[in-house]
Each structure stands twice: as C-alpha cells, then as structure tokens.
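Understanding the architecture of this molecule
Listed here are the chains, written in short residue letters.
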Amino acid sequence: MAHHHHHHHHHDHSYKLLFSHPKMVKDLLIGFVKEDWVAQLDFSTLEKVSGSYITDTLQNREDDIIWRVRWGETWLYVYLLLEFQSRIDPYMPVRIMSYLGLLYQDLIRQKAFAPEGGLPPVLPVVLYNGEKRWDAAQNVADLIEPLPGGLTHYRPELKYLLLDEGAIVADPNWSDRSRNVVATLFRLEHNRDEKDLLGVLSTLVEWLKGSEQTALRRAFVVWIRRVLLPNRAPGMELPEFNDLQELHEVHDMLAERIKKWPERWEQKGREEVALNLIKMNLLSDAQIAEAAKLSEAEVRALRGEVSGDQR
C-alpha cells in the first residue's frame, strides 16, 4: 500500500513538474481550449500562482496547479486539476466547486479584482489520462436531483473543461501537426507501439533542442523515466539519469531496442522449432540444430529446459 502511494506521488510530481512550465500551459490553452478568447491572451504574462489559498482542508492537494495570464486588463486564472488515475471521480463537479470557492475566497483576500471591480474569471481544467473514457458529469447541476417548481432555480451550475487524453488521441479528426508539446505528451501516453513512441519522441527531441528549453527537457526526462517507460516499456533497462542527460539518450536507447526486435523474434522462432522437434523425440541434437539453424549447444540448453520442466 505504502509503495503504491509512493508511486502515485511520483506520478503526480513529474506531471506537476511538466505543467510548471509556461510553454506547457500555453500549448494546453492554444491546442485544447477551442474558444475564440484564447487568441486574445497575452502569453508573455503567464505566471504561476502559488497555492497560498491552500487551507487545512486542501493541504494534500498536490495535483492542482494555478496559473494566471492577462486577458486585456483582466487576469484570467487557469486552474488545472491533474487527474492522473484510472478511476473516474463521479463527484468531480463538486470537487471543482469547492476548489473554486476556496480560490475565489483567496482572490478576495488578496483583493485581486478585475479593473471593473468583479472577480477575475477562472477556467477549471480537468486533465485525465486513465484508460477508461471519462463519463462523470461535467456540470454540478447534473448531479443534483431536480425538484419541481422554484427549487430548481437554486441548483448550482458549474462546468469544468474536461481533457480526456485517450479520447482526444483516438479522435480521427485530431491532428497534432502543430508544434504543440502538450499534444506530444498525450501522444506519448497513448502511443500504439514502440515505433510510434519513437516517432513522437524524435519530434519532442527536435522541438526542445534549444538551451531555453533545458528545464522543460529535463522535466520530460523525469516524466519519461518515472511514468512513461515503466508503463509503456516495462523491462526496459535504463541507466540512471541525471538531469543533464538529454532526451535524445532515451530516444537512442529506444531506437537500439527496437532495432534488435527482429533478431529477438527470429531467435524466438528458431527456439520454438527446436523445442517442438525435441518434444517429438525423433531427431538427434545435431539434426535439430541443423533444422532450426541453432548451435548444438543451444539445442542442448533447450533440451535441459524441457527435461527440467517434466521433472
């Protein structure tokens, strides 16, 4: 149990590290918020807001991140809730409602009003990467029993923007041809096979070459090491990374591994043939070796495995 929790924390932490980079937040908004006002944001003003509003009840909220960005004279607050788990939270709208309430109380305390005196707008985003498609309500009103007559007027309405990575990537109309790093993250998480993974990784290596991207590149390396490879390429032996080792080292290792695949399969195929011949018990080791294109030593080793099994 403790181990699982520890892993989950890592999980959150390396994602949090990624979304602590303005480029990620900018690409998230540009690539995935299909609204006209996104074009009016001044991304040079993007800044991370500390979770100073973290009251006692929220002490353990490690997976939310708040940014703000100028929209004309007003700050727009982007509240990112990173939901990285396979379970779907049916009461997500209530969670969002509570967090936004706390966030607004804090903005009032800080007197962070819009120029006209209103509270600044907040965009709540739920970023979900589980295998199952997200089917929880996206508006708190949908969770509350409707009552006849006037009582319905008092039902709270609150929506969040859901980004269900798996659904986005599976959509045939979706393309990540624009240089969008968040799209690349989604593609890496939901890649079809290692060749696909390698292609996406090449793209990322290319985009994050510059020295101004060093920190983001390192964040990706941490994430690839802690989250992506353990999930996607189990049994991949990785040398210990230090932060200075670059992304293309991961890329080269994957490439090497994929190159060796045909040999691995051929070897497996030859051993399969030899095993079947051994089990028939009709041919000598030398004959089997010739038939299966293996050395006699390899055939003897396989024979040893078979007799070992039967004992």
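To start, this report covers the structure provided alongside it. (Residues numbered from 1 in each chain as written. Predicted model: local features only at pLDDT ≥ 70, side-chain atom pairs only at ≥ 80, totals over all residues. Heavy atoms only, no water.)

Let us now look at the nonpolar core. Core analysis: the largest hydrophobic core is formed by 56 residues, its most contacted members being F19, F220 and W223. Ranked by residues supplied to this core, first place goes to helix α7 (residues 214-232) with nine residues. With residues up to four places along the chain from it excluded, the contact list for F19 reads M24, V25, L28, I65, W67, L80, L82, L127, V182 and L185. The next biggest cluster of nonpolar side chains, apart from the first, holds 23 residues, and it includes Y77, I88, L103 and L107. (Core = buried A, V, L, I, M, F, W, Y, C linked by side-chain atoms within 4.5 Å. Buried < 20%, exposed > 50% of the residue type's maximum accessible area, 1.4 Å probe, protein only. Helix = DSSP H or I, 4+ residues; strand = E, 2+ residues; numbered from the N terminus. Contact = heavy atoms within 4.5 Å.)

Counting through the fold element by element, K26 comes out in helix α2 (residues 22-32). K26 sits in the partly exposed class, given a relative accessible area of 34%. Taking the C-alpha atoms as reference points, K26 and V38, separated by twelve residues in sequence, lie 9.6 Å from one another. Residues within four places of K26 in sequence aside, it is in contact with F43 and L46.

All right, on to helix α5 (residues 181-189) then. Across the nine residues that make up α5, a large majority, eight, are buried. Residues of α5 that are buried: V181, V182, A183, T184, L185, F186, L188 and E189. The backbone nitrogen of V182 lies 2.9 Å from a side-chain oxygen of the residue at the head of α5, namely N180. (Polar contact = N/O pair within 3.5 Å; in protein donor to acceptor, adjacent residues only side chain to side chain.)

Each aromatic ring pair is characterised by the separation of its centres together with the angle its planes make. Under the definition given, this model contains six aromatic pairs. The interplanar angle of 45° and the centroid separation of 4.9 Å between the aromatic rings of F32 and F186 together place this pair among those described as tilted. Residue F32 is found in helix α2, and its partner F186 is found in helix α5; the two are separated by 154 residues along the sequence. As far as the burial class goes, F32 and F186 line up, both buried. Among the aromatic side chains, those forming a connected cluster through ring pairs are Y15, F220 and W223. One cation-aromatic arrangement involves R68 over W75; the distance from NZ or CZ to the ring centre is 3.9 Å. (Phe/Tyr/Trp six-rings, centres within 6.5 Å; stacked < 30°, edge-to-face > 60°. Lys NZ or Arg CZ within 6 Å of the ring centre and 35° of its normal.)

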